[in-house]
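Report on the structure
Each chain is listed here by its residues.
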Amino acid sequence: MTTLIGISGSLRRQSFNSALLRAALPLVPTGVTLEIASIREIPLYDGDVEDQGVPAVVTELKDRIAMSNGLLLVSPEYNNSVPGVLKNAIDWLTRPSADVARVFHGRAVAVLGASPGPFGTQLAQNAWLPVFRTLRTRPWFEGRLMVSRAAAVFDEHGELIDEKVRGQLRQFIEGFAEFAGETH
Ligand SMILES: Cc1cc2nc3c(=O)[nH]c(=O)nc-3n(C[C@H](O)[C@H](O)[C@H](O)COP(=O)(O)O)c2cc1C
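No experiment lies behind these values; they were computed from the predicted model shown.

Scoring rules and cut-offs
- Residues numbered from 1 in each chain as written.
- Predicted model: local features only at pLDDT ≥ 70, side-chain atom pairs only at ≥ 80, totals over all residues.
- Heavy atoms only, no water.
- Near = heavy atom within 4 Å.
- Polar contact = N/O pair within 3.5 Å; in protein donor to acceptor, adjacent residues only side chain to side chain.
- Areas by Shrake-Rupley, 256 points an atom, 1.4 Å probe, with all protein chains shown as cover.
- Nonpolar A, V, L, I, M, F, W, Y, C, P; charged D, E, K, R; others polar.
- Pairing = 2+ DSSP bridges.
- Helix = DSSP H or I, 4+ residues; strand = E, 2+ residues; numbered from the N terminus.
- Right-handed = clockwise from strand over helix to strand, strands pointing away.
- Core = buried A, V, L, I, M, F, W, Y, C linked by side-chain atoms within 4.5 Å.
- Buried < 20%, exposed > 50% of the residue type's maximum accessible area, 1.4 Å probe, protein only.
- Contact = heavy atoms within 4.5 Å.

What surrounds the ligand is the set Ser-10, Arg-12, Ser-15, Phe-16, Asn-17, Pro-76, Glu-77, Tyr-78, Asn-79, Asn-80, Ser-115 and Pro-116. Glu-77 places a side-chain nitrogen or oxygen 2.9 Å from a nitrogen atom of the ligand. With respect to the ligand, the backbone of Asn-79 contributes an N or O atom lying 2.8 Å from a nitrogen atom. Burial of the ligand by the protein chains amounts to 70% of its free accessible area of 620 Å². Along the lines of polarity and charge, the residues of the shell around the ligand split into 4 nonpolar, 6 polar and 2 charged.

Laid out in structure tokens, this is it:
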């Protein structure tokens, strides 16, 4: 069994990125589980808070990632880069630094995203790469998914209504799951 943890980098109720992650659920191949994890309860990183102990919500998510075969980030793009809420969550997940190896080293990671604009989070996806490298993850580069013009891809209930994108999403999930499931 291959287990993937999927995280949306948006807290917005009508988030296109959360909708994209939900749309992936029925597309996972047999033998693969995609678990959606939330970053909503993760506080702003504060070294003074860390000195009192890493919050339980962070530790729990670290453990889930450490037990998984792969981490799927569904990331919005803010100002041509990564969104602060998701970067904040990743930063917490790297504390204490002694735990980075357990949680991230060699972990399969992939990033995809959706934007109402024409470029579909291309620059945010590029901006994640130094983070993936710093954490010594195992990024998947064989597929890319940048969902542009997202307002026409999802309906008002956040349901994916674009069959071309559904096919691309299925291909992305299948490819990443296979990569994550490979022993190395
Ligand atoms: C602070 C801020 C900066 C943004 N910068 C970009 C950007 O650089 N590129 C882009 O495509 N969209 C940008 N957007 C628009 C987001 O793509 C849009 O709000 C999107 O819906 C966010 O993802 P979500 O639907 O999952 O919440 C920005 C939005 C905000 C709030």
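Glancing now at the pairing of strand 2 (residues 32-37). Sheet topology note: the strand 1 (residues 2-8)/strand 2 ladder contains 6 bridges and is parallel. Residue pairing in the sheet places Ile-7 in a bridge with Ala-37 of strand 2. Between the parallel pair strand 1 and strand 2, the chain is carried across by helix 1 (residues 16-24), and the sense of this crossover is right-handed.

Right, let's talk about the nonpolar core for a bit. In terms of nonpolar packing, the biggest core is built from 31 residues, with Leu-72, Phe-154, Leu-169 and Phe-176 touching the most fellow members. Elements with a contribution of two residues or more to this core: helix 1, strand 2, strand 3 (70-74), strand 4 (108-114) and helix 7 (163-181). If one sorts the elements of this core by residue count, helix 7 sits on top with 8 residues. Non-local contacts of Phe-154, meaning those with residues more than four positions away in its chain, are made with Phe-16, Ala-19, Leu-20, Val-147, Glu-159, Leu-160 and Ile-161. Counting residues in each nonpolar core, the second largest holds 25 residues, with Leu-61, Ala-89, Ile-90 and Leu-135 among its members.

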